[in-house]
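Results of the structural survey
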Amino acid sequence: AVVSTQSTGGYRDDSLETVKRNQLQYSLPLKILSYQELYGWTMDAIVKEIGMKNNCTFCGVFRRQALDRGAALLKCDKIVTGHNADDIAETVIMNILRGDIARLGRCTAISTGSEGMISRCKPFKYTYEKEIVMYAHFKKLDYFTTECIYSPNAYRGNARTFIKDLEQIRPRAILDVIKSGEDMSIKDDVKMPTQMTCTRCGYISSSELCKACIMLDGLNRGKPQLSIGKANKRKQILKATADTGSTAAEMF
């Protein structure tokens, strides 16, 4: 098992204790990586820099990379995540609202991966969140439900509210949204991002520097907002950093 710790106002403490108990219950190897260890920043420190609006963007990028790096350290051949049907439907809606064609094309895939990277799978893709909670209660499983103190302002919250409203009208709405995402096709003439590796840390990226390194440069230069958004803002960071700055993989 791989767990990343964000140091988020005590929120992660409960979940870490649960994971440690699960490790003993199921005899699982466990690797705990901290944002401080990987990036030199905690989420509390990041929020002080950027405020409450875009903090989930930073956390999401750093967490995904932390999972990959932890899995590599444990020599795993597959990353299995707990994303459920509600999560995936929300992601479909978010990608549509953002016009993010690249992510929309792969967010409904039950298994994803690229050459040189550890593949991921989502076994709970068609399982409702409420079904998982009811099963956990029925089986008396040891789990946690604490919500991150910084999540109320997350963009995902708007998609979640919309999905729940749809579900009240049409109970199958969550699975229908996922099915719609699966059936969407991309025209041949649509230009898609080219996959490459980050020139600084070697992580998979669609530009010269990966998103984590871009964000670290913004944070370390006191201009974190420059790392949020599209490629034009990335170019500003690339021009400013040249061959200097912090890497998202200094520990390696």
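Scroll up to find the structure this text is about.
Below is a short write-up of the structure. The shown structure was predicted, so the numbers you read here are calculated from the model rather than taken from an experiment.

With respect to the overall build of the chain
Counting its regular elements, the chain contains eleven helices and seven strands. Burial status across the chain gives 40% buried among its 252 residues. Put simply, 69% of the contacts in the chain that link residues at least 6 apart link residues at least 24 apart. For the chain, the accessible area works out to roughly 14,700 Å², and carbon and sulfur atoms hold 54% of it.

With respect to the layout of surface pockets
In this model, the second largest pocket occupies a volume close to 160 Å³. I101, L104, G105, T108, G181, E182, M184, S185, I186, K187 and V190 are the residues that line the second largest pocket. Class assignment of the residues belonging to the lining of the second largest pocket gives a composition of five nonpolar, four polar and two charged.

Here we look at the pattern of salt bridges
Overall, the coordinates contain 14 salt bridges when judged by the stated rule. Here D183 makes a salt bridge to K179, at a shortest N to O gap of 2.6 Å. Of this pair, D183 and K179 both sit in helix α9 (residues 173-183), four residues apart, which is roughly one turn of the helix. The class for K179 is partly exposed, based on a relative accessible area of 43%.

So, the environment of T145
Turning to its location among the elements, T145 is positioned in the loop between α7 (129-138) and α8 (155-169). What makes T145 exposed here is its relative accessible area of 62%. Residues T145 and D14, 131 residues apart in the sequence, show an inter-C-alpha distance of 9.0 Å.

Re the packing of aromatic side chains
The final tally for this structure, using the stated rule, is four aromatic pairs. With a centroid separation of 5.7 Å and an interplanar angle of 75 degrees, the aromatic rings of Y35 and Y39 are classed as edge-to-face. Of the two residues, Y35 and Y39 both sit in helix α2 (residues 35-39), four residues apart, roughly one turn of that helix. Here the aromatic rings of Y39 and F62 are separated by 4.2 Å at their centres, their planes lie at 25 degrees, and the arrangement is stacked. On the criterion of sequence distance, the pair formed by Y39 in helix α2 and F62 in helix α4 (residues 55-73) is long-range, its members being 23 residues apart. As far as burial versus exposure is concerned, Y39 and F62 are alike and both buried. Grouping aromatic residues by their ring pairs yields a cluster made of Y35, Y39, F58 and F62. Seen from the ring of Y128, K130 lies directly overhead, with NZ or CZ sitting 5.7 Å from the centre.

Let's talk about a nonpolar patch on the surface
Judged by side-chain polarity, Y26, L28, V133, Y135, L141 and Y143 come together as a nonpolar surface patch covering roughly 550 Å² of accessible area. Inspection of the secondary structure assignment puts Y143 in the loop between α7 and α8.

So, helix α5 (residues 85-98)
With 14 residues, α5 ought to run about 20 Å at 1.5 Å a step, and its terminal C-alpha atoms sit 20 Å apart, in line with that. Along α5, ten of the 14 residues are buried, which leaves the element largely enclosed by surrounding structure. The N-cap residue of α5 is N84: its side-chain oxygen and the backbone nitrogen of D86 are 3.0 Å apart. Positive phi shows up at G99, right after α5, with a value of about 70 degrees.

How each quantity is defined
- Within each chain, residue numbers correspond to sequence positions counted from 1 in written order.
- Confidence filtering applies because this is a predicted model: local features only for residues at pLDDT of at least 70, side-chain atom pairs given and counted only at 80 or more, and all residues used for totals across whole chains, interfaces and linings.
- Side-chain descriptors were evaluated using all non-hydrogen atoms of the structure, hydrogens and water having been removed beforehand.
- Every helix listed is a DSSP run of H or I at least four residues long, and every strand listed is a run of E at least two residues long, numbered separately from the N terminus.
- Under the scheme applied here, a residue whose accessible area is under 20% of the maximum for its type counts as buried, over 50% as exposed, and between as partly exposed, the area being computed with a 1.4 Å probe on protein chains only.
- By the convention used here, residues are in contact when the closest approach between their heavy atoms is within 4.5 Å.
- Computed with a 1.4 Å probe, the accessible areas rest on the Shrake-Rupley method; for each residue, only the protein chains presented here act as cover.
- In the cavity and pocket records, a cavity denotes points on a 1 Å grid over the protein atoms alone where a 1.4 Å probe fits but cannot get out, a pocket denotes an open set with protein on both sides within 12 Å along at least 5 of 7 lines, and lining residues are residues with an atom within 4 Å of a point.
- Grid points are joined across faces, edges and corners, and a volume is the space filled by probe spheres set on the points.
- Residues were grouped as follows: Ala, Val, Leu, Ile, Met, Phe, Trp, Tyr, Cys and Pro as nonpolar; Asp, Glu, Lys and Arg as charged; and all remaining residues, including Gly, as polar.
- We define a salt bridge as a contact between a side-chain nitrogen of Lys or Arg and a carboxyl oxygen of Asp or Glu at a distance within 4 Å.
- Pairing of aromatic rings covers Phe, Tyr and Trp, the last counted by its six-membered ring, and requires centre-to-centre distances within 6.5 Å; plane angles under 30 degrees mean stacked, over 60 mean edge-to-face, and any other angle means tilted.
- Distance and angle both matter: a charge sits over a ring if NZ of Lys or CZ of Arg is within 6 Å of the ring centre and within 35 degrees of the ring normal.
- Within the patch definition used here, like charges are joined within 9 Å and nonpolar side chains (Val, Leu, Ile, Met, Phe, Trp, Tyr) within 5 Å, considering only residues with over 30% relative accessible area and no salt bridge.
- The span one expects for a helix is its residue count, reduced by one, times 1.5 Å.
- A 3.5 Å cut-off defines polar contacts: any pair of N or O atoms within that distance qualifies, except that in protein one atom must be a possible hydrogen donor and the other a possible acceptor, and neighbouring residues in sequence count only when both atoms are side-chain atoms.

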